[in-house]
Protein chains: 2
Amino acid sequence: MKHVTGKSINLALSVRGRSSLKAVGLEDEVIVRHAIPMYARLIHDRDGSRRPIPYGKSDQCIFSVGRRFLNEVLLSAAEKHSNVNIHFNHKLVTCDPETGSMTFERYPSKEITTAQADLIVGCDGAFSAVRRQMLKRPRFNYSQTYIPHGYMELTIPATPDGQFAMEVNYLHIWPRDSFMMIALPNQDKTYTVTLFMPYENFEDLITPEKLLDFFFENFPDAIPLIGKKNLIEDYFRLKPSPLISVKCNPYHVGDKTVIMGDAAHAMVPFYGQGMNAGFEDCLIFDELLERENFQLARVLPEFTLYRTPDAEAICDLAMYNYVEMRHLVNSKSFLLRKKCDKFLNLIFADSWIPLYTMVTFSKKRYHLCVKNKKWQDKVINQTIWAVGVSASVVGLSVFAKLLHNHPHWLEAALESLNKFKLSMPLFHN
Amino acid sequence: MKHVTGKSINLALSVRGRSSLKAVGLEDEVIVRHAIPMYARLIHDRDGSRRPIPYGKSDQCIFSVGRRFLNEVLLSAAEKHSNVNIHFNHKLVTCDPETGSMTFERYPSKEITTAQADLIVGCDGAFSAVRRQMLKRPRFNYSQTYIPHGYMELTIPATPDGQFAMEVNYLHIWPRDSFMMIALPNQDKTYTVTLFMPYENFEDLITPEKLLDFFFENFPDAIPLIGKKNLIEDYFRLKPSPLISVKCNPYHVGDKTVIMGDAAHAMVPFYGQGMNAGFEDCLIFDELLERENFQLARVLPEFTLYRTPDAEAICDLAMYNYVEMRHLVNSKSFLLRKKCDKFLNLIFADSWIPLYTMVTFSKKRYHLCVKNKKWQDKVINQTIWAVGVSASVVGLSVFAKLLHNHPHWLEAALESLNKFKLSMPLFHN
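Residues numbered from 1 in each chain as written. Chains lettered and ligands numbered in written order. Predicted model: local features only at pLDDT ≥ 70, side-chain atom pairs only at ≥ 80, totals over all residues. Heavy atoms only, no water.

Chain A appears in an unreviewed UniProt entry as Kynurenine 3-monooxygenase-like isoform X1 from Limulus polyphemus. A UniProt comment under Cofactor (unreviewed entry) is attached to chain A, and it reads "FAD". (UniProt positions renumbered as here; feature names shortened; annotations may be inferred.)

Below, the structure written as structure tokens:
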């Protein structure tokens with residue numbers, strides 16, 4: 001199976017994806033045999049120093065899995081079912097989502113063939129051909145947003161003695177505010193390195209000298225790992241790929257067509273939930289099939305109704321993390337909030353769970369994770385307010401006692417309250 | 001010229017549209033001869049009582065203009081130019097935005113013809129065929145949103161003696177929270193009535209009895225004006241039309257293609273700016289042509305850069321007004337803010353201009369109108385804060401003096417401050 005340009009080589013698997021694999025008996029094969037656990041982000045600073053930021057508790061990790069391997073496992077499992085037929089090299093040209101008729105072009109013969117389905121399940125990715133047909137229908141809500149950043153995949157090879165060139169059980173991050181680089185470990189002891197950067201920056205680096213200068217300035221510790229020669233060769237051979245976020249509604253047409261995964265909700269990759277959300281779609285669809293006794297006319301609208309708020313929430317979170325991840329190194333408020341969350345989580349283990357943990361290590365519906373986070377923000381905000389007001393009142397009363405004969409005490413008090421007010425927006429949402 | 005279903009019969013013309021007409025010498029012909037000024041909204045309550053809410057100062061008005069008439073005026077003016085050729089009944093099937101080639105299907109022969117343009121200017125509406133081709137291009141941002149409401153156009157005929165059946169110089173509104181009806185006067189002494197309502201409500205009214213019950217409950221004064229027979233006939237003959245909001249970016253491809261008007265930024269009709277924004281596009285494009293000396297390779301990207309923030313701002317404002325207009329009757333905070341704005345505008349005539357006035361009666365860039373409104377909100381908010389805190393501090397100091405020997409004064413003071421805090425969100429944005 002050839003690697004398709006524009007699709008990342010490795011993927012981050014977490015609880016939602018694992019649950020779905022478990023439901024079809026594949027969790028152990030994927031996790032135990034072929035996945036590399038990552039327990040923390042490892043932040044690479046400009047001076048080469050590194051520091052971990054754990055993903056959750058000490059036993060909580062996400063897994064780096066190869067896309068190609070995962071595809072093969074899933075296809076092999078599907079093949080074992082006698083009622084599954086797999087047709088490679090058939091490109092969907094068009095379909096009628098209302099009747100279930102489909103037209104394919106075969107590769108390489110360009111022969112046109114048609115097929116008729118009881119149900120079209122369009123899992124055909126961010127540029128879905130099924131969705132393109134749905135877009136023409138009345139009252140279909142749709143948005144596609146390209147972020148200004150593109151990405152390019154580079155490689156850190158194994159060391160000469162066949163070992164990983166960096167600490168293995170981490171997701172390595174070089175956050176540099178307006179751009180960043182990450183690296184995930186592969187089974188073959190290499191790392192896939194992904195450089196995320198505004199297109200303009202990619203376009204600026206037009207000579208090997210400029211490229212190397214840029215790397216020396218921003219990712220000096222990565223140059224010997226990637227290798228100067230490889231870096232230059234790969235960079236000028238490859239083109240940056242765009243990053244798209246897609247939302248739409250509904251996900252279905254009548255009882256004949258439904259879209260899932262990236263076709264329904266492509267997201268930017270910064271929360272590591274794209275594949276997990278897609279796999280969770282399958283699990284939820286399966287549960288709805290059971291519950292509604294396989295009545296597609298009921299299952300499909302239910303799927304849209306149930307899944308759209310969650311998919312929108314995770315698309316938004318991924319977009320939000322697009323900013324946060326790049327700023328990880330400088331963000332004191334991020335680290336402060338992390339400490340605050342950790343402390344509150346120690347006291348209220350069941351009710352105060354950090355957002356990242358809810359999203360990554362639980363199956364709580366995405367939109368409820370967001371709602372819970374907003375509640376947490378409100379609680380923190382109000383606590384600060386209450387503490388601040390109490391302090392001000394105590395301060396004021398002392399002030400008033402000391403200065404009650406002084407004509408200017410009111411102005412002074414107002415000023416001190418105003419200062420307190422200015423310090424509040426930090427925790428506003 | 002036939003009326004096309006799904007396009008409203010009359011349009012609201014305000015300053016931006018007028019300026020553009022003036023630039024091509026058509027303002028007087030449209031305004032003086034064929035437009036009906038509307039100086040205020042006239043709110044119809046359920047009990048039949050009516051009250052005006054002026055649009056601005058006593059001499060400020062918007063104009064009701066017929067779509068068909070306006071089309072004819074513009075076409076006739078265009079025809080007078082020897083370098084303009086008008087081809088009716090040519091439907092754009094496809095085009096190549098990069099090369100300027102276009103394919104049309106002629107009506108009714110279905111004959112296919114092609115044409116080659118130096119510049120394609122796609123002014124082909126909310127469902128633009130030019131934009132459909134641009135959507136396929138990399139890094140084109142796009143969103144289409146259908147609101148849950150549809151609309152249906154009904155008619156209030158002239159009285160038997162040929163007069164307007166209601167007060168003429170108003171935009172009549174029947175706001176009913178989850179739905180609403182409006183009426184604009186026409187040249188022929190009729191009113192075009194538009195019922196905006198969620199599709200579900202349209203679908204509920206399946207018998208003449210249900211329809212009449214609904215009107216008796218919600219628009220009793222409109223029944224004799226429309227006429228029971230006409231109401232029933234029209235309602236069951238027509239289908240509600242959808243309401244779409246479209247944003248995209250960029251508006252151009254190279255130096256060959258640009259989209260304008262609804263093709264670039266279709267909006268819901270609740271701010272009465274759709275046509276005005278489209279006409280303003282032309283004016284701005286014309287200014288850029290002059291400024292950049294007709295170098296299309298510079299003009300087109302400039303147009304995208306200049307116009308997208310304004311178009312997005314007015315699309316958002318229109319969506320915001322979708323809620324506000326329906327609630328006009330019940331909204332005390334809306335009327336309070338209107339009074340507040342009027343007062344501040346009296347004192348600071350040049351710097352404190354209500355949002356509606358900036359949008360409708362000035363040519364200030366839409367996104368700057370929104371920015372200015374946010375500044376106003378902040379000023380009001382901070383004033384309330386300052387007044388509230390001063391009051392609290394004075395109250396507290398009295399309180400403290402009276403109760404400084406009492407152990408529970410702190411709790412009481414906190415409670416009073418908390419009450420003040422609860423009253424603040426009213427003016428939050």
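We are not done yet, so read on.
Description of the overall build of chain A
Counting its regular elements, chain A contains 15 helices and 16 strands. In terms of principal-axis extent, the alpha carbons of chain A reach across some 95 × 55 × 40 Å. In chain A, which comprises 429 residues, the proportion classed as buried is 47%. Within chain A, contacts between residues separated by at least 24 positions form 68% of all contacts whose residues are at least 6 apart in sequence. Of the roughly 21,900 Å² of accessible surface on chain A, 57% is carried by carbon and sulfur atoms. Counting 50 positive and 46 negative side-chain charges, chain A places the centres of these two groups 3 Å from one another. (Helix = DSSP H or I, 4+ residues; strand = E, 2+ residues; numbered from the N terminus. Buried < 20%, exposed > 50% of the residue type's maximum accessible area, 1.4 Å probe, protein only. Contact = heavy atoms within 4.5 Å. Areas by Shrake-Rupley, 256 points an atom, 1.4 Å probe, with all protein chains shown as cover. Lys, Arg positive; Asp, Glu negative; His and termini not counted. Charge placed at Lys NZ, Arg CZ, Asp CG, Glu CD.)

Describing the pairing of strand S10 (residues 141-156) of chain A
Where burial is concerned, most of S10(A) is hidden: twelve out of the 16 residues are buried. Taken together, the eight bridges between S10(A) and strand S14 (residues 241-249) of chain A define a ladder with antiparallel strand orientation. Each residue of the ladder has a partner; that of A:Gln144, found in S14(A), is A:Val246. Bridging between S10(A) and strand S10 (residues 141-156) of chain B involves three bridges; their strand directions are antiparallel. The partner of A:Ser143 across the bridge, within S10(B), is B:Ser143. Relative to strand S13 (residues 191-198) of chain A, S10(A) runs antiparallel, the two sharing eight bridges. Following the sheet pairing, A:Glu153 is matched in S13(A) by A:Thr194. (Pairing = 2+ DSSP bridges.)

Quick look at the sheet that holds strand S6 (residues 90-96) of chain B
Residues and elements named next belong to chain B. Spatially, the three strands line up as an open sheet ordered S6-S7-S8, and their pairing is antiparallel. Looking at strand neighbours, the two that pair on one side only are S6 and strand S8 (112-116), the edges of this open sheet. With strand direction ignored, the average angle separating the axes of adjacent strands in the sheet is 25°. As judged from the six bridges shared by S6 and strand S7 (residues 101-106), these two strands associate in the antiparallel manner. Counted as the bridge partner of Lys-91 is Glu-105 from S7. (Axes fitted to C-alpha atoms, helices over the stretch in contact; angles between N-to-C directions.)

Points about the sheet that holds strand S1 (residues 10-13) of chain B
In a beta sheet, neighbouring strands are held together by backbone hydrogen bonds and run either parallel or antiparallel to one another. Residue and element names in this part refer to chain B. Here three strands make up an open sheet; going across it, the order is S1-S5-S2 and the pairing antiparallel. In this open sheet, the two strands that pair with only one neighbour each are S1 and strand S2 (36-38). Pairs of neighbouring strands in the sheet enclose a mean axial angle of 35°, with direction left out of account.

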